[in-house]
Amino acid sequence: MSITIKDGKRCIVSNGLPDHETGRFPNRGNPNSIVEQQVHLCFSLNPEKGHRPQPVRGSIGVAINGVQIRPGTAEYYDASSPRGFSRDRSSGWNLEGIGAKNRLGMDQNNAHVDQRGLYHYHGIPDDLLDTINSTLIGYAADGFEIHYAGERQISSYQLKPGSRPVPPGGNFDGTYNQDWEYLAGAGTLDECNGGFLEGQFVYYATDTYPFFPRCLWGEISGDFLNSTANRESRRNQSNQRESGRRNPPEEAIYACYGKQTGERCKFTVPRHGHQITGVCGMTPEHSTACIPQRKH
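Keep in mind the model is a prediction, meaning the values are calculated, not measured.

A word on the overall build of the protein chain
In terms of regular secondary structure, the protein chain is built from four helices and 20 strands. Put simply, 58% of the contacts in the protein chain that link residues at least 6 apart link residues at least 24 apart. Approximately 15300 Å² of the protein chain is accessible, and the part contributed by carbon and sulfur atoms is 47%.

Below you can see the structure in the form of structure tokens.
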């Protein structure tokens, strides 16, 4: 693994393998084997914080040891699947990586392997913390630093009270992303787990949900936008243009982040500035977005 700085960018090149021991893969919850990768990620050396956060699928950053950080999952509750989950998004209940870590075959460093053999972190890797002399553990896809918070910062996400009103049922216990809600001011960090360190904006990795940021405030590097998840997103956008359908604005998608289908939502329309209210629902491309309520 190497880190270079050139032309206003910081670049990390690695084989995707960690500098610490990993769990055994394949395992009962993960059928994939670790495979050496060709990782080359460059991002801004001097990022600027924008006005609106952007939800991110796939890798949100990379650790200082060259292992990618991917807190989200592609698995959803599916009663028809023998495992109880699949990549069918129709239920709207997205498995949370750490909340369902045993079901997803995570190892002792809160990591597992995807279909390509890419080893990646979903939560705090304890073995990495043991090898560093500062709080810096990585960089986000927009270039801002990611620091381990410890007890110095507190996430503003909290578990919802009560139980899930529809299948999968049961109490809101953190198994699904929709079990959590962001409450501004409940902690010290914003909706992207962002805050300040010595006067500089950074993201924090926390011991509690969301563990790593799930959205970013700066301009996301094209190297991260070329990930599998984001290539799929761009294909969907292309298909929509060909069919005449419009893709929901990012604000509508972000308004339903962490919510289940049927929940009320609102967002501000870009450029126009007026607020739209609606309910979270599934789009034809199986993403969750705030769908405006029609006036009768």
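Side note on the sheet that holds strand β1 (residues 2-6)
As a general point, the strands of a sheet are linked pairwise by backbone hydrogen bonds and lie either parallel or antiparallel. Across the sheet, which stays open at both edges, the three strands sit in the order β1-β2-β3 with antiparallel pairing between neighbours. Every other strand in the sheet has two partners, leaving β1 and β3 (39-44) as the edge strands with one partner each. The sheet shows a mean angle of 20 degrees between the axes of neighbouring strands, direction not considered. Relative to strand β2 (residues 9-14), β1 is paired through five bridges, and the arrangement is antiparallel.

Looking at the nonpolar core
Judged by nonpolar contacts, the single largest core of 36 residues is most densely connected at Y121, I137, I146, Y203 and F212. Looking at this core, the element that brings in the most residues is strand β11 (residues 136-140), giving four residues. Within the second largest apolar cluster, ten residues are counted, among which are A255, I276, A289 and C290.

Notes on a negative patch on the surface
Negative charge collects at one region of the surface, where D126, D130, E151 and D207 lie side by side. Here D130 shows up in the loop between α1 (126-129) and β11.

Considerations on the sheet that holds strand β12 (residues 145-148)
In space, the eight strands of this open sheet follow the order β9-β10-β6-β5-β11-β12-β16-β15, with mixed pairing throughout. Looking at the sheet topology across the chains shown, the edges are occupied by β9 (111-113) and β15 (194-197). Relative to strand β6 (residues 68-69), strand β5 (residues 61-63) is paired through two bridges, and the arrangement is antiparallel. Looking at β6, one finds that G61 is bridged to I69.

As for the packing of aromatic side chains
Counting across every chain of the model gives 14 aromatic pairs. When the centroid spacing of 5.3 Å and the interplanar angle of 80 degrees are considered together, the rings of F201 and Y203 count as edge-to-face. Judged on exposure class, the residue F201 and its partner Y203 are both buried. Feature note: the residues Y157, W180, Y182, Y209 and F211 constitute an aromatic cluster, connected by ring pairs. The positively charged end of K49 is found above the aromatic ring belonging to F201, 5.3 Å away from the centroid. Above the ring of W217, the side-chain terminus of K49 is found at 3.8 Å from the ring centroid.

Regarding the confidence of the model for the protein chain
In this model, the protein chain carries a mean pLDDT of 88, and residues with pLDDT of at least 70 account for 86%. Scored below 50 in pLDDT, residues 228-243 shows 19 contacts in the model against residues more than four places distant or in partner chains.

With respect to unusual backbone geometry
F25 connects to P26 through a cis peptide bond whose omega is 0 degrees. With respect to the helices and strands, P26 occurs in the loop between β2 and β3. Each neighbour pair has its own omega, and for Y209 with P210 the value is 10 degrees, a cis peptide bond. Take P210: it is sitting in the loop between β16 (200-205) and β17 (215-216). A positive phi angle is found at D7, which is not glycine, with a value near 55 degrees.

Here we look at the pairing of β16
The buried count for β16 comes to five of six residues, which makes it a mostly enclosed element. Looking at chain direction, β12 and β16 are connected through three bridges and run parallel. Bridging across to β16, Y148 finds its partner in A205. Direction of pairing for β15 relative to β16: antiparallel, over a ladder of four bridges. Looking across to β16, one finds that F196 is bridged to F201.

Side note on the state of the cysteines
Counting across every chain of the model gives three disulfides. The residue that forms a disulfide with C265 is C290, at a sulfur-sulfur distance of 2.0 Å. Every disulfide takes its handedness from the sign of the S-S torsion; for C265 and C290 that torsion is 95 degrees, giving right-handed. Taken as a pair, C265 in strand β18 (residues 264-268) and C290 in strand β20 (residues 288-292) lie far apart in primary sequence, 25 residues in all. Judged by relative accessible area, C265 falls into the buried class, the value being 6%. Given the relative accessible area of 4%, C290 is considered buried.

About the thresholds
- Residues numbered from 1 in each chain as written.
- Predicted model: local features only at pLDDT ≥ 70, side-chain atom pairs only at ≥ 80, totals over all residues.
- Heavy atoms only, no water.
- Helix = DSSP H or I, 4+ residues; strand = E, 2+ residues; numbered from the N terminus.
- Contact = heavy atoms within 4.5 Å.
- Areas by Shrake-Rupley, 256 points an atom, 1.4 Å probe, with all protein chains shown as cover.
- Pairing = 2+ DSSP bridges.
- Axes fitted to C-alpha atoms, helices over the stretch in contact; angles between N-to-C directions.
- Core = buried A, V, L, I, M, F, W, Y, C linked by side-chain atoms within 4.5 Å.
- Buried < 20%, exposed > 50% of the residue type's maximum accessible area, 1.4 Å probe, protein only.
- Patch = residues over 30% accessible without salt bridge, like charges linked within 9 Å, V, L, I, M, F, W, Y side chains within 5 Å.
- Salt bridge = Lys/Arg side-chain N within 4 Å of Asp/Glu carboxyl O.
- Lys, Arg positive; Asp, Glu negative; His and termini not counted.
- Charge placed at Lys NZ, Arg CZ, Asp CG, Glu CD.
- Phe/Tyr/Trp six-rings, centres within 6.5 Å; stacked < 30°, edge-to-face > 60°.
- Lys NZ or Arg CZ within 6 Å of the ring centre and 35° of its normal.
- pLDDT = per-residue confidence, 0-100.
- Disulfide = S-S within 2.5 Å.

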